[in-house]
Amino acid sequence: MGVTLADCYNTAQFRKLAKRRLPSPIFHYIDGAADDEVTYRRNTQAYEDCDLVPNVLAGVETIDLSTTVMGLPIDMPMFLSPTALQRLFHHDGERAVGRAAEAFNTLFGISSLATVSIEEVAETIRSPKIFQLYYHKDKALTWGMIDRCKAAGFDALALTVDTIVGGNRERDLWTGFTSPPKLTPSSLWSFATHPSWTLNYLLREPFELSNLKSHIAEGSNVSISVSDYFSTMLDQSMDWDVAAEIRGRGGKPFCLKGVMSGADAKKAVEIGADAIMVSNHGGRQLDGSRAPFDQLTEIVDAVGSDIDVICDGGIQRGTHVLKALSIGAKACSGGRWYLYALAGAGSDGVKRALTNMHSELVRDMKLMGLRSVGELSRQNLRFR
Ligand SMILES: Cc1cc2nc3c(=O)[nH]c(=O)nc-3n(C[C@H](O)[C@H](O)[C@H](O)COP(=O)(O)O)c2cc1C
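Residues numbered from 1 in each chain as written. Predicted model: local features only at pLDDT ≥ 70, side-chain atom pairs only at ≥ 80, totals over all residues. Heavy atoms only, no water.

S.K.: I'm lost on the pairing of strand 10 (residues 308–312) in this one. Help?
M.R.: Along any regular strand the residues' side chains alternate between the sheet's two faces. Along strand 10, five of the five residues are buried, which leaves the element largely enclosed by surrounding structure. Side chains Asp308, Ile310 and Asp312 project from strand 10 onto one buried face, and the interleaved Val309 and Cys311 project onto a second face that is buried too. With four bridges connecting them, strand 9 (residues 275–278) and strand 10 associate as parallel partners. Among the inter-strand pairings, Met277 is bridged to a residue of strand 10, identified as Ile310. Following the backbone out of strand 9, through helix 14 (residues 292–303) and into the adjacent parallel strand 10, one traces a crossover that is right-handed. Examined bridge by bridge, strand 10 and strand 11 (residues 331–334) share three bridges and lie parallel to one another. Of the residues in strand 11, the one forming a bridge with Ile310 is Ala331. What joins strand 10 to strand 11 is helix 15 (residues 318–327), and the crossover it makes is right-handed. (Buried < 20%, exposed > 50% of the residue type's maximum accessible area, 1.4 Å probe, protein only. Helix = DSSP H or I, 4+ residues; strand = E, 2+ residues; numbered from the N terminus. Pairing = 2+ DSSP bridges. Right-handed = clockwise from strand over helix to strand, strands pointing away.)

Shown next as structure tokens:
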């Protein structure tokens, strides 16, 4: 019988549900990472190298989880990072994720490789939204996406800086994953044994990369591996001047996604960025690089309160969020924790993942003897 939505109390159970629902090339695209996946595993393990130190008798009937990121007030300090291709994971894709984020008034991001348009998301989702930009060689496309975000009223722009080439995601090589997926002799069995996913994919709205389709000569429904897409379409000459130019053009709160060194964090402040996402892209790019949580102290110490620091990746529990906030992050974010839920049960799944995270955060704050997340500090954390 296997796990059902009602059984999903944590990310590990959502992962099992997603694995059951998805053909294997799609599941492994979400679940996999680069090379030997060492960085991917470390992203979560890093949280186990320190412990919370609670206080008691603090009168904790009400808990305030709200925070402000890039000037945008949100009701909980954990949000949904931008991720590509969401209608491949569930036919409602970004629509489902956006509705869930709106219900909890937390940030969510859509990718340049989203499967729903900038305009539709802006029109239908009222809570704060980030657009994630990949710097494409095609400048009409790059500047066009920024202008569309401005016109549609997106709240912030995040430039991804850790994907100058595609990471070596070997699970995708093994499964032959492409976007959109294509039937290969080895994947045929997997699609045939997941008829509900396959029928939804074949019979519902056709797959497209809504924000790119008019700029890709062959159309966005010609199968290509994600790694080939990055290597052929993205502009590897991107540098700090380009980042500053994008910031100027966007005119909205601006964030660099994928900063991992204190030196780069300082440069982000110099170009006027409002936030950095300390992130290694969920271990999907440079395997053997440090985990965001391991780098957080160094980065927070480098920039102080000059910029909002967001800790992205590896987060599966409310206590992980409390640890990152204790070091000085303004908020945390993640991808797979809500993507497994999306794949498993659409909007209801993502709402359940958010409900789980919200109740863990409230319970953990009470057990810590703290009333608002602003009270978290390094005083309540010890490294082993
Ligand atoms: C399936 C998948 C697709 C992703 N697509 C994008 C993307 O298009 N743009 C981007 O900047 N990051 C992308 N990311 C990275 C996420 O934004 C985030 O940094 C990462 O998932 C954090 O790690 P976690 O999954 O352990 O939480 C993707 C991640 C996953 C798992």
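S.K.: Whenever I open this one, the site of the ligand confuses me. Can you help?
M.R.: What surrounds the ligand is a group of 22 residues, the closest being Pro82, Ser111, Thr160, Asp312 and Gly335. Side-chain polar atom of Asp312 to an oxygen atom of the ligand: 2.5 Å apart, as the coordinates give it. With respect to the ligand, the backbone of Gly335 contributes an N or O atom lying 2.8 Å from an oxygen atom. Mapped onto the shell around the ligand, the elements with two or more residues apiece are helix 2 (24–31), strand 4 (78–83) and helix 16 (336–368). Of the residues forming the shell around the ligand, the biggest block, three residues, is contributed by strand 4. (Near = heavy atom within 4 Å. Polar contact = N/O pair within 3.5 Å; in protein donor to acceptor, adjacent residues only side chain to side chain.)

S.K.: Would you explain the packing of aromatic side chains in this entry?
M.R.: A complete count under the given rule lists 12 aromatic pairs for this structure. Between the aromatic rings of Tyr29 and Phe177, the centroid separation amounts to 4.4 Å while the plane-to-plane angle is 10 degrees, which identifies the pairing as stacked. Taken as a pair, Tyr29 in helix 2 and Phe177 in the loop between helix 8 (170–175) and helix 9 (185–192) lie far apart in primary sequence, 148 residues in all. Note on accessibility: Tyr29 and Phe177 belong to one class, buried. Members of the aromatic cluster, joined through ring pairs, are Tyr29, Phe89 and Phe177. The ring centre of Tyr135 lies 4.4 Å from the NZ or CZ of Lys139, which sits over that ring. Against the face of Tyr29 rests Arg284, its NZ or CZ located 4.8 Å from the ring centre. (Phe/Tyr/Trp six-rings, centres within 6.5 Å; stacked < 30°, edge-to-face > 60°. Lys NZ or Arg CZ within 6 Å of the ring centre and 35° of its normal.)

S.K.: Looking at this structure, I do not really get unusual backbone geometry. What am I missing?
M.R.: With the exception of glycine, the majority of residues adopt a negative phi angle, and the majority of peptide bonds are in the trans configuration. Note that the residue after Ser179, namely Pro180, is joined by a cis bond; omega there is -15 degrees. By the secondary structure assignment, Pro180 is in the loop between helix 8 and helix 9. Phi at Glu37 is positive, roughly 60 degrees, even though this residue is not glycine. Along the chain, the position of Glu37 falls in the loop between helix 2 and helix 3 (38–45).

S.K.: Looking at this model, I keep getting lost on the sheet that holds strand 4. Mind explaining?
M.R.: Two orientations exist for strands paired in a sheet by backbone hydrogen bonds: parallel and antiparallel. Taken together, eight strands build a closed barrel; the order of strands is 4-5-6-7-8-9-10-11 and the barrel is parallel. Within this sheet the neighbouring strands show an average axis-to-axis angle of 25 degrees, counted without direction. Sheet strands in contact with helix 14 are strand 8 (254–259), strand 9 and strand 10, and its direction is about 175 degrees off that of strand 10. Contacting strand 4, strand 10 and strand 11, helix 15 runs over the sheet at an angle of about 135 degrees to strand 11. (Axes fitted to C-alpha atoms, helices over the stretch in contact; angles between N-to-C directions. Contact = heavy atoms within 4.5 Å.)

S.K.: When you look at the pattern of salt bridges in this model, what are you seeing that I'm missing?
M.R.: Pairing of side chains with opposite charge becomes possible as their charged atoms draw close. What the rule picks out here adds up to 19 salt bridges. Between Arg171 and Asp31 there is a salt bridge; the shortest N-O distance is 2.7 Å. On the criterion of sequence distance, the pair formed by Arg171 in helix 8 and Asp31 in helix 2 is long-range, its members being 140 residues apart. Residue classification places Arg171 among the partly exposed positions, given a relative accessible area of 21%. The exposure class of Asp31 is buried, given its relative accessible area of 1%. With a closest N to O distance of 3.7 Å, Glu205 and Arg87 form a salt bridge. Remark: Arg87 occurs in helix 4 (residues 86–89) and Glu205 occurs in the loop between helix 10 (195–203) and helix 11 (226–233); sequence separation between them is 118 residues. One salt-bridge network, in which partners are shared between bridges, spans Arg15, Asp31, Glu37 and Arg171. (Salt bridge = Lys/Arg side-chain N within 4 Å of Asp/Glu carboxyl O.)

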